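If you want the building blocks of each chain, they are given just below.
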Amino acid sequence: GAVVSQHPSRVICKSGTSVKIECRSLDFQATTMFWYRQFPKQSLMLMATSNEGSKATYEQGVEKDKFLINHASLTLSTLTVTSAHPEDSSFYICSARGQGVFSYNSPLHFGNGTRLTVT
Amino acid sequence: DQQVKQNSPSLSVQEGRISILNCDYTNSMFDYFLWYKKYPAEGPTFLISISSIKDKNEDGRFTVFLNKSAKHLSLHIVPSQPGDSAVYFCAASGGSNYKLTFGKGTLLTVNP
């Protein structure tokens, strides 16, 4: 089945530094990838939608200069949290959709997430 | 304003019995609904989905029911097994916009 790999699974960084999270689709070409963030006991909140070869579309309230998204190829999207602060500590999850119609039998596939802790 | 609501943060069920997880939505543009299962420190795993043209979809022990007039869907798991213990997220999307809107999740605990 389709697999989405996310790396790293866990990262601790100091306040003010930047962190890059990678999301790869391993056996399919992902034209669209989505980045979510989940705070404890909260739902997954969509941060941005990235389309291969074009600029990401950010949800309201998400700072595009802070959360840089790059989707340079059909199998890789990256999320860079720039100048991280403790309030950015969260669980970040990517998901991917392949080419073709988002059909009844083609749900999004999720990576295993990245636990970011900013000290 | 939450467009997808899971009003029960947790549910505890005995092994072998039925688990019923509920989800309500407010956006009438939603036409595709999914349930995801999530273990701690892992990403969600797709479980089952339903299109708005149907009112029921069944896959093994899992059945999803959709009541469009009430804007309500439910996931039935029968018989429940201890391995089903996880957080279950309801999600919805609408039109050609493939973005998913998630509920807050319900923690299901199946006791042996």
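Residues numbered from 1 in each chain as written. Chains lettered and ligands numbered in written order. Predicted model: local features only at pLDDT ≥ 70, side-chain atom pairs only at ≥ 80, totals over all residues. Heavy atoms only, no water.

Chemist: Break down the pairing of strand β4 (residues 30–38) of chain A for me, with residues and values.
Modeler: Residues and elements named next belong to chain A. Across the nine residues of β4, eight count as buried, placing the element largely inside the fold. For β4 and strand β5 (residues 44–51), the ladder comprises seven bridges, and the chain directions are antiparallel. Counted as the bridge partner of Phe34 is Thr49 from β5. In this antiparallel pair of consecutive strands, β4 and β5, the connection spans five residues, and Lys41 shows a positive phi of 60 degrees. (Buried < 20%, exposed > 50% of the residue type's maximum accessible area, 1.4 Å probe, protein only. Helix = DSSP H or I, 4+ residues; strand = E, 2+ residues; numbered from the N terminus. Pairing = 2+ DSSP bridges.)

Chemist: Go over the pattern of salt bridges with me, naming the residues and quoting the values.
Modeler: All names here are of chain A. A complete count under the given rule lists four salt bridges over all chains for this structure. Between Glu22 and Arg24 there is a salt bridge, and its shortest N-O distance comes to 3.4 Å. Overall, Glu22 belongs to the partly exposed group, its relative accessible area being 25%. A salt bridge links Lys66 to Asp88; the shortest N-O distance between them is 2.9 Å. A residue pair is termed long-range when its members are at least 10 positions apart, and Lys66 in the loop between β6 (57–58) and β7 (67–73) and Asp88 in the loop between β8 (76–81) and β9 (90–98) qualify at 22 residues. Summarising the burial analysis for this pair, Lys66 and Asp88 share the class buried. (Salt bridge = Lys/Arg side-chain N within 4 Å of Asp/Glu carboxyl O.)

Chemist: Can you break down the interface of chain A and chain B residue by residue, with the values?
Modeler: Quoted interface sizes are often the accessible area lost when the parts come together. The partner chain B presents 23 residues to the 23 residues of chain A that form the contact. Where chain A abuts chain B, roughly 1900 Å² becomes buried across the two surfaces, and 63% of that area is made up of carbon and sulfur atoms. Counting the contacts that link chain A with chain B gives zero salt bridges. Here chain A is connected to chain B by two residue pairs in polar contact (both at pLDDT 80 or more). (Contact = heavy atoms within 4.5 Å. Buried area = accessible area lost by both parts, 1.4 Å probe. Polar contact = N/O pair within 3.5 Å; in protein donor to acceptor, adjacent residues only side chain to side chain.)

Chemist: How would you summarise the state of the cysteines if you had to cite specific residues and measurements?
Modeler: Residues and elements named next belong to chain A. Scanning all chains against the criterion turns up two disulfides over all chains. Across the disulfide, Cys23 is cross-linked to Cys94 (sulfur-sulfur distance 2.0 Å). Across the S-S bond linking Cys23 and Cys94, the dihedral sits near 80 degrees, which makes this disulfide right-handed. Taken together, the residues span a long stretch of sequence, with Cys23 in strand β3 (residues 19–25) and Cys94 in strand β9 at a distance of 71 residues. Comparing Cys23 with Cys94 shows no difference in burial state: the two are buried. Its sulfur unpaired, Cys13 is 18 Å from the next cysteine sulfur, which belongs to Cys94. Judged by its relative accessible area of 9%, Cys13 is buried. (Disulfide = S-S within 2.5 Å.)

Chemist: Explain the environment of Leu47 of chain B residue by residue, including any values.
Modeler: Residues and elements named next belong to chain B. Residue placement: Leu47 occurs in strand β5 (residues 45–51). Taking relative accessible area as the criterion, Leu47 reaches 16% and is therefore assigned buried. C-alpha of Leu47 to C-alpha of Phe33: the two residues are 14 residues apart in sequence and 11 Å apart in space. With residues up to four places along the chain from it excluded, the contact list for Leu47 reads Trp35, Tyr36, Lys37, Asp59, Phe62, Leu75 and Tyr88.

Chemist: Help me get a handle on the sheet that holds strand β8 (residues 72–77) of chain B, residues and values and all.
Modeler: Residues and elements named next belong to chain B. With antiparallel pairing, the five strands of this open sheet are ordered in space as β1-β3-β8-β7-β6. Only two strands of the sheet have a single partner each, and these edge strands are β1 (4–5) and β6 (56–59). Bridging between β1 and strand β3 (residues 19–25) involves two bridges; their strand directions are antiparallel. Bridge pairing links Val4 to Tyr25 in β3.

Chemist: Account for the sheet that holds β7 of chain A, with residues named and values stated.
Modeler: What holds strands together in a sheet is hydrogen bonding between their backbones, with the strands either parallel or antiparallel. Residues and elements named next belong to chain A. With respect to topology, four strands assemble into an open sheet ordered β1-β3-β8-β7, the strand pairing being antiparallel. Each edge of the open sheet carries a strand with a single partner, namely β1 (4–7) and β7. Within the sheet, the average angular offset between the axes of one strand and its neighbour, ignoring direction, is 15 degrees. Direction of pairing for β3 relative to β8: antiparallel, over a ladder of six bridges. Among the inter-strand pairings, Ile21 is bridged to a residue of β8, identified as Leu79. (Axes fitted to C-alpha atoms, helices over the stretch in contact; angles between N-to-C directions.)

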